[in-house]
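Chain by chain, the residues run as shown.
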Amino acid sequence: MDIGSSPVSTCSREDQKIYQEWFSFADSDGDGRITGPDAIKFFGMSKLSRPELKQVWAIADSKRQGFLGFNEFITAMQLVTLAQAGNEITQDTLHHADLSKLSPPIMEGLDVLLAKSKPSPKKSDPDLDGSSQPQIPSTVQWFSSKSTKKIPLSSVTSIVDGLKRLYIEKLKPLEVTYRFNDFVSPLLTNSDFDAKPMVMLLGQYSTGKTTFIKHLLRCGYPGAHIGPEPTTDRFVVVMSGPDERSIPGNTIAVQADMPFSGLTTFGTAFLSKFECSQMPHALLEHITFVDTPGVLSGEKQRTQRSYDFTGVTSWFAAKCDLILLLFDPHKLDISDEFKRVIGSLRGHDDKIRVVLNKADQVDTQQLMRVYGALMWSLGKVLNTPEVVRVYIGSFNDKPVNEAAVGPIGKELFEREQDDLLSDLKDIPKKAFSHLRKEMPAMMGKAKAQQRLIDNLEDEFAKVQREYHLPAGDFPNVDHFREVLGGYNIDKFEKLKPKMIQTVDDMLGYDIPELLRSFRNPYE
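Calculation criteria
- Residues numbered from 1 in each chain as written.
- Predicted model: local features only at pLDDT ≥ 70, side-chain atom pairs only at ≥ 80, totals over all residues.
- Heavy atoms only, no water.
- Helix = DSSP H or I, 4+ residues; strand = E, 2+ residues; numbered from the N terminus.
- Buried < 20%, exposed > 50% of the residue type's maximum accessible area, 1.4 Å probe, protein only.
- Contact = heavy atoms within 4.5 Å.
- Areas by Shrake-Rupley, 256 points an atom, 1.4 Å probe, with all protein chains shown as cover.
- Core = buried A, V, L, I, M, F, W, Y, C linked by side-chain atoms within 4.5 Å.
- Polar contact = N/O pair within 3.5 Å; in protein donor to acceptor, adjacent residues only side chain to side chain.
- Salt bridge = Lys/Arg side-chain N within 4 Å of Asp/Glu carboxyl O.
- Phe/Tyr/Trp six-rings, centres within 6.5 Å; stacked < 30°, edge-to-face > 60°.
- Lys NZ or Arg CZ within 6 Å of the ring centre and 35° of its normal.
- Pairing = 2+ DSSP bridges.
- Axes fitted to C-alpha atoms, helices over the stretch in contact; angles between N-to-C directions.

1. Comments concerning the overall build of the protein chain
And then number 1: Helix and strand counts for the protein chain stand at 21 helices and 8 strands.
And then number 2: Considering the protein chain as a whole, with its 523 residues, one finds that 46% of them fall into the buried category.
And then number 3: The long-range share in the protein chain, meaning contacts at least 24 apart out of those at least 6 apart in sequence, stands at 77%.
And then number 4: Surface accessibility of the protein chain: about 26500 Å² in total, with carbon and sulfur atoms responsible for 51%.

2. With respect to unusual backbone geometry
Note on backbone geometry: most residues besides glycine have negative phi, and most peptide bonds are trans.
And then number 1: A positive phi angle, near 65°, is found at lysine 47, a position not held by glycine.
And then number 2: For lysine 47, the position within the fold is in the loop between helix H2 (36-43) and helix H3 (50-60).
And then number 3: Of note in the backbone geometry, arginine 218 takes a positive phi value of approximately 65° without being a glycine.
And then number 4: Position of arginine 218 relative to the elements: it lies in the loop between helix H11 (209-217) and strand S2 (235-240).

3. Quick word on the nonpolar core
And then number 1: Core analysis: the largest hydrophobic core is formed by 49 residues, its most contacted members being Phe260, Phe274, Phe316, Leu325 and Phe327.
And then number 2: For phenylalanine 316, the residues in contact, after removing those within four places along its chain, are Met200, Phe235, Val237, Phe260, Leu263, Phe270, Phe274 and Val290.
And then number 3: Cys11, Tyr19, Phe23 and Ile89 belong to the second largest nonpolar core, which has 34 residues in total.

4. Here's the deal with the side chain of asparagine 190
And then number 1: Along the chain, the position of asparagine 190 falls in helix H10 (residues 190-194).
And then number 2: A distance of 3.2 Å separates polar atoms of two side chains, one belonging to asparagine 190 and the other to lysine 164.

5. Looking at the pattern of salt bridges
And then number 1: All chains considered together, the criterion is met by 10 salt bridges.
And then number 2: Here lysine 164 and aspartate 161 are joined by a salt bridge, their closest N and O atoms 4.0 Å apart. Separated by 3 residues within a single helix, lysine 164 and aspartate 161 lie in helix H8 (residues 159-177), roughly one turn from each other. Here lysine 164 and aspartate 161 have matching classes, each one buried.

6. Considering the packing of aromatic side chains
And then number 1: Following the criterion strictly, the structure yields 22 aromatic pairs and no others.
And then number 2: On the numbers, 6.0 Å between centres and 65° between planes, the contact of phenylalanine 266 with phenylalanine 270 is edge-to-face.
And then number 3: Taking the relative accessible area as the measure of exposure, phenylalanine 270 reaches 0% and is therefore buried.
And then number 4: One aromatic cluster is present, built from ring pairs that chain together Phe235, Phe260, Phe266, Phe270, Phe274, Tyr307, Phe309, Trp315 and Phe316.
And then number 5: In this structure, arginine 33 is placed above the aromatic ring of phenylalanine 67, and the distance from its NZ or CZ to the ring centre is 4.6 Å.

7. Section: the environment of arginine 353
And then number 1: Counting through the fold element by element, arginine 353 comes out in strand S7 (residues 352-356).
And then number 2: With relative accessibility at 15%, the residue arginine 353 sits in the buried group.
And then number 3: For the pair arginine 353 and leucine 324, spaced 29 residues apart in sequence, the C-alpha to C-alpha distance is 5.0 Å.
And then number 4: With residues up to four places along the chain from it excluded, the contact list for arginine 353 reads Leu322, Ile323, Leu324, Leu325, Arg389, Tyr391 and Asp423.
And then number 5: Here aspartate 350 takes part through its backbone oxygen, which lies 2.9 Å from a polar atom of the side chain of arginine 353.

8. Concerning the sheet that holds strand S3 (residues 245-248)
And then number 1: Taking strand neighbours across the sheet as the criterion, the 8 strands line up as S3-S4-S2-S5-S1-S6-S7-S8 in an open arrangement whose pairing is mixed. For this open sheet the edge positions go to S3 and strand S8 (390-392), each flanked by a neighbour on one side alone. The average angle at which neighbouring strand axes cross in this sheet is 25°, direction not considered.
And then number 2: Examined bridge by bridge, S7 and S8 share 3 bridges and lie parallel to one another.

This is the structure in C-alpha cells:
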C-alpha cells in the first residue's frame, strides 16, 4: 500500500460490508468516530496483547487525530489480521502485505453481540451499537458571532474539535480586543482548522515544481502546464474534490468552507493569478499542494508583477506545513527575487526542505560540486545555525539516467526519494496548528503616537524583556509600524492581564489536557 492508496480500495465488497457493520457496532454514539473507550471494548475481542494493540492504534491513527474513522478502522483490522497470523505489527508489514487477500480478523464473541444488538431498537444499548446518536453541536456554529454559549467538553470528540472550542472561548477574544487580525494574521475560521496539511513548492522556472506534483500523484491535474520557460504563471492549489475541475481564485477565496479568505487582501490583481485545481485522489485526501509561479531570475527580474508576490508567498508559508525549495544543477544562482522570497519565510525555518532536482543530468563528480555550491549559496540567504535538509534526486516519471550517475547514484536517488516520501507521510502527524504568541502586548494610551511608532524597535525590546519573550516571536517591525500608523493609539484597549492569563492557561494546561484525552488508549 503506497502513500496515496485508500484502505477501502484494498478490500473486497464483502469485506467492506463486514467492516461497515463492525464499525457501526463499535461506534457507540454513532458520530462516525471510534474513540479510545470504544476501541478498548471492541479490539479486546481480538485477544491481542495490550502492547500489540497499542502498536495497532499508533499505526492506524497515523494523523494523531485521537480517533479512528472508517478508513483508519479498516487499517486497524488489517493489522489485527496480520498480527493474528504471527506477523510483526509495523508500517512496513502493512505496506508489503497483499491486503486484497486478507480476511477480516477473528473477533471472539462478536457474532453473538451483533445478533443481540439487531432486534428491537427499544432494547438497544448505546454502549453496544450505533443506534443512539446524540445531536453533537456543529463546529460551524461555534464560529458564529451570534453564539455566546460555551461548548461543553463532553461534546468534543476529537483534538481538532477541542482546539476549535479553546480558540473560540479563550484565544479569539484576545485577538479581537487587540486587533490581531490587522497586525499579524486574519482571525481563524472553521475551515482553517479542518484544512488538510499543505505543502508549498518554490523555485525558479523549469526546476520541476509542477512535474514533482505530477510525479507524486502519478497523473496530471486540471490546469497543469509544463515547459522549459515559465509555464505556471499563477498560484495553483491542488486539492481533493468530487470531480476534476479548476475554480477561479476570486471564487475560491470567498468560499466559507475553504481556508483562503485571507488572500482577498492582495486584491483582484492577485486573485486573477490564483486558482484551485480539484480532483478525486487518495493522496489529496491527506495533503494539499501549492504550486507557485517560477521565481524570476536574470533579465526576467525586471518584469514587474501586478501583485505582491513576496507577500502572497509569506501568507502561504504561514499556512503551509512543509515548504520545498526546488533547484536543479543548472540553476543554482539565487536571484534577488528569490532572496526576497526566502527572506519572507522568516519564522518558518523548521518547515523548509531543499530539493536538488534533475540530479541525473550530471555525473557523480559534478553532482558533488553542485551540492557544495548549493549549500554555499543557501548559507548566505538562510540565516539559521542548522544545516538545511537537502534531498537529491530526479523527481519525474522517467527512469534515472544511469549512464550519468552510475548504479551508486541510482541507489542514492531511490533512498533520497524514500526519505522525502517519509517526510511527506509525517506531515499529517505534525499538522496541528501552532497557536501564535505574537500578541501586541504594549497596546495602551500613548502621549506621543509618532514617537512610539518611530521607536518601535525599542518598544518591542521592552516588551521582550518584561514578558521574557523571544525576539523571533515578534512580527516584522516595518509591517507593524505601517499598520499602526493608520490607527489612533488612544482607541486601543489597555492591557488586560486576565485575558493574557487565560491564554497562558490554555497553552499550559488546556491543550496538554486535550492531547492527553485523545492519546493512544493503550498507553
